[in-house]
Amino acid sequence: MKQNPIQKTQILAHIEKLALQLFQEKKIYARADIAYDLKSSGIDGDSSLIDDLIHELFNSTKKPEIQEAIEQVFYNNNFTRSIIDNSAIKQLIKSGELNKAHELFITQEQKVKDLLTTFSGEMGALIEYAGAFVKDKNLVAKVTGTYKVENVKNKAEALYQNYSKIVYGYIDAKQSVLNLIEDYSIIRTEIVNRYRENVTRLTDIFGPAIKAVEPVIFDFDTIEYLQADKMLENIDLEFDSIMKSCEEVVAIINDSIINDLSQSSKLIGKSKDAKAALALAGVAILKSHLKATKHATRLNQGVALMRQKMDYDTSSIEADLFRLQLINKTINEVSIPTAHIFQRKFDNLFNRELESVFELFYQTAALKDLKAEKDSLLSDSNNFNNQVVDHKNQVSNYENRLSSNKMLLKDYRELYQESLAHKPKKPNAAKRLLTLGAKQKSYHRDIDEWHKIYEPVIKAYFDINEDVKIDQEELEHHQRALQLKEIQLKKLSRELDKNSTAIFNTISEDDNIQEKLSKHLVPIINLLRIGRKVAELKIDSEFLAPIKIEQMNLEILPDSTMQRLNEFTHSLKTEITTAFKEVSLVDTIVPTKKDEVKTDENNGSNNANKISKLTELTSKKIASDNVAITKGQSLLMEKQILDTALIAIDIVEETAKLKKLEIENFLARNLYESKLEELRQQFKTKVDAVNDRSQVLAQVIKSINTSEQQLQVDSLKELIETEDDFWITDMEVIATFKSGKSITI
């Protein structure tokens, strides 16, 4: 929309006031939020117009505090860059400051390159270094053995932290590449606009004898990326499960040893000689340690499974970094330098070849009016083209956000429904009356407790719901705006064709103009062809999809072997239980088996041997000391030793499972590293090819910039790679015009 001067002044004043208010409140706004706030000032929705208005205010104000506020509070719709930073290059190009735009490009290119190089170098160290996860053991942890579970917890936390750094590092690297692509697209759009403008100037003179070819613009949205946020989300679920299990296990072990020691202390009070009861306490502590080992071993299995997925994810990220670095290098060292030098030299060459001729045929009043109309139509066309690019970017942005938020909403919906299921029910009037209000007080306490536990989940669920609703509205707005702008562009295109026909019909009456211009036609057509090819620079199709490493599915022990191990340990437990019953002083002793929680650690077979020796030594010690063993002590002693023996067998079984997982993980990591090395060599060859092209390009650009001779179109031919027959010659122009055919730009 176009604003009149008074309306525009009011809008800029509104933006200034909003910027200062947000800065004071330490808040930030996306571009769509600014557009919504400006509705009352006549802005009919989010568009690139907001960028232009903010830059105009930023550049026109003489107050540094306003400039600082604008830089700090106004962001693009992804919240990845400030609006001033996001459209700085566009504004410089728009104002004709091409060298400043290029300098800014170089600065941003180096930042992206440094980020990718640094992140790639840190990748290997991050996942290998799990941190100092063994902490000092306090007294309770030493007695109960729960420090073993704490070690697993700390190890999992360290792995998760480093894994998160890698995933977020990839997300940052991806965003940096996207920012660079966005900036490059601005230069490309300007080249396309200049190409279209000057092609239509030729059709004004030669009419149907000149056939324009619309550039085939590479769609950067076809470049795909790893779903790093989904990777992190999946690992989050496993990590949270391990953390929860660790807490539950520690509670179970502590409760168990308190119960066992309580029974021993009661027997100490009943016995005249407490040595047997003290021995029982020792067995209880050993049993607690073995329980901790069993649980820790199972938990370590969970950590090993989580590490398995982490290893695959991080290998995939490292592999795809090769691709991102190559894409970045191609844009940095080929696309941008080519586009920049062409953009700087294009107008100079075109005007030198044509300006003097155009001055001749625009002298009449009729042609002056038609040219003024054309200039206005071209200006509108360029403006609409820029808005189409912006709306397409926003449509892609909101589609991605909606897809991500809808997946997140699906996950949160289950948690939300679970929260509602746990919400205390309000007591009816009868219950409140019968309990004299006690039920009502209890209900309020329960509601407060429920809020503390579930409020974060409920808030997150409603926040995501609101985000989905707003994003859907913004998506539909940009889709409608895009459709409208494309319709307007088609209308403008028809009007431009009509205008060109009118100019051609006027000029065609004077053969001298065509004759004079035809002498300049070869360099002009070749220059426009260079422009089209520069605008068509692209990323090779083989680099559009993420590099995915095949996930290894290793089985170092077949299922049948693990089944036989399970059968053996089950048989061993049965035999030990039977043997204990046969020698038991009290036949009714039935060992109980509790505490089936996920856990883990090592040296299972050694623990089994320790139990056997401990049982034997304890019996001999008690006998040698002539300790009077009560019936209760005998019952408890046999139960504790049997429980301990069964736990030791469990440890053997769980340790075998853990070792199997650890060996599988080790082999998988080696295979992933082997695959990564292959990819390194493959991409080295591809990087060398880009290096060769960039070196040739650097020499061409240096030659163009340092040459003391007048620049010729032939000097720019080396900017693009094409066959010799791509270029038109004087003979072809003459032959084409004589045959009445058309020349394709």
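1. Details of a negative patch on the surface
A cluster of acidic residues, Glu 466, Asp 467, Glu 473 and Glu 476, forms a negative patch on the protein surface. Take Glu 476: its relative accessible area is 34%, and that puts it in the partly exposed class.

2. Notes on the confidence of the model for the chain
Averaged over all residues, the pLDDT of the chain is 76; the fraction at 70 or higher stands at 70%. For the stretch residues 129-144, pLDDT sits under 50, and the model shows 26 contacts to residues farther than four places along the chain or on other chains. Considering only residues more than four positions removed or in separate chains, one finds that residues 582-629, a stretch of pLDDT under 50, has 104 contacts.

3. A closer look at the side chain of Lys 485
Structurally, Lys 485 can be placed in helix H14 (residues 438-507). Put simply, Lys 485 is tucked away with no salt bridge, and the nearest opposite charge, on Asp 44, sits 7.2 Å away. In terms of polar contacts, Lys 485 uses its side chain to reach the side chain of Gln 387, at 3.4 Å. Once residues lying within four places of it in the same chain are set aside, the contact partners of Lys 485 are Phe 384, Gln 387, Val 388 and His 391.

4. Points about the pattern of salt bridges
One pass over the structure, following the stated rule, counts 29 salt bridges. A salt bridge links Glu 318 to Arg 680; the shortest N-O distance between them is 3.0 Å. With Glu 318 in helix H11 (residues 275-361) and Arg 680 in helix H19 (residues 631-706), this residue pair connects regions lying 362 residues apart in the sequence. The exposure class assigned to Glu 318 is buried, which follows from its relative accessible area of 14%. Here Asp 714 and Lys 717 are joined by a salt bridge, their closest N and O atoms 3.1 Å apart.

5. What about a nonpolar patch on the surface?
Taken together, the side chains of Ile 663, Phe 666 and Leu 667 make up a nonpolar region of the molecular surface, amounting to roughly 260 Å² of accessible area. Within the secondary structure layout, Leu 667 lies in helix H19.

6. Observations regarding the nonpolar core
The tendency in soluble globular proteins is for nonpolar side chains to be buried as a group. By size, the foremost hydrophobic cluster in this structure holds 104 residues, and its most contacted members are Ile 223, Ile 331, Phe 342, Leu 528 and Ile 539. For this core, the element with the most residues is helix H9 (residues 147-206), which contributes 23 residues. Beyond its immediate chain neighbours, meaning those up to four positions away, Ile 223 contacts Ile 181, Phe 218, Arg 323, Ile 327, Ile 539 and Leu 544. If you look at the next biggest cluster of nonpolar residues, it comprises 23 residues, including Ile 43, Ile 66, Ala 69 and Ile 83.

7. Remarks on the packing of aromatic side chains
Geometrically, a pair of aromatic rings is defined through the distance of the ring centres and the angle of the planes. In the structure shown here, the tally under the stated rule is 11 aromatic pairs. An angle of 90° between the planes, with centres 4.9 Å apart, marks the rings of Phe 218 and Phe 220 as edge-to-face. Each member of the pair, Phe 218 together with Phe 220, is buried. With a centroid separation of 5.7 Å and 75° between ring planes, the pair formed by Tyr 461 and Phe 462 is classed as edge-to-face. On the basis of relative accessible area, Tyr 461 is assigned to the buried category, the value being 9%. In this structure an aromatic cluster arises from ring pairing among Tyr 184, Phe 218 and Phe 220. If you follow Arg 529 out to its NZ or CZ, it ends over the ring of Phe 726, 5.8 Å from the centre.

The rules behind the values
Residues numbered from 1 in each chain as written. Predicted model: local features only at pLDDT ≥ 70, side-chain atom pairs only at ≥ 80, totals over all residues. Heavy atoms only, no water. Patch = residues over 30% accessible without salt bridge, like charges linked within 9 Å, V, L, I, M, F, W, Y side chains within 5 Å. Areas by Shrake-Rupley, 256 points an atom, 1.4 Å probe, with all protein chains shown as cover. Salt bridge = Lys/Arg side-chain N within 4 Å of Asp/Glu carboxyl O. Lys, Arg positive; Asp, Glu negative; His and termini not counted. Charge placed at Lys NZ, Arg CZ, Asp CG, Glu CD. Buried < 20%, exposed > 50% of the residue type's maximum accessible area, 1.4 Å probe, protein only. pLDDT = per-residue confidence, 0-100. Contact = heavy atoms within 4.5 Å. Helix = DSSP H or I, 4+ residues; strand = E, 2+ residues; numbered from the N terminus. Polar contact = N/O pair within 3.5 Å; in protein donor to acceptor, adjacent residues only side chain to side chain. Core = buried A, V, L, I, M, F, W, Y, C linked by side-chain atoms within 4.5 Å. Phe/Tyr/Trp six-rings, centres within 6.5 Å; stacked < 30°, edge-to-face > 60°. Lys NZ or Arg CZ within 6 Å of the ring centre and 35° of its normal.

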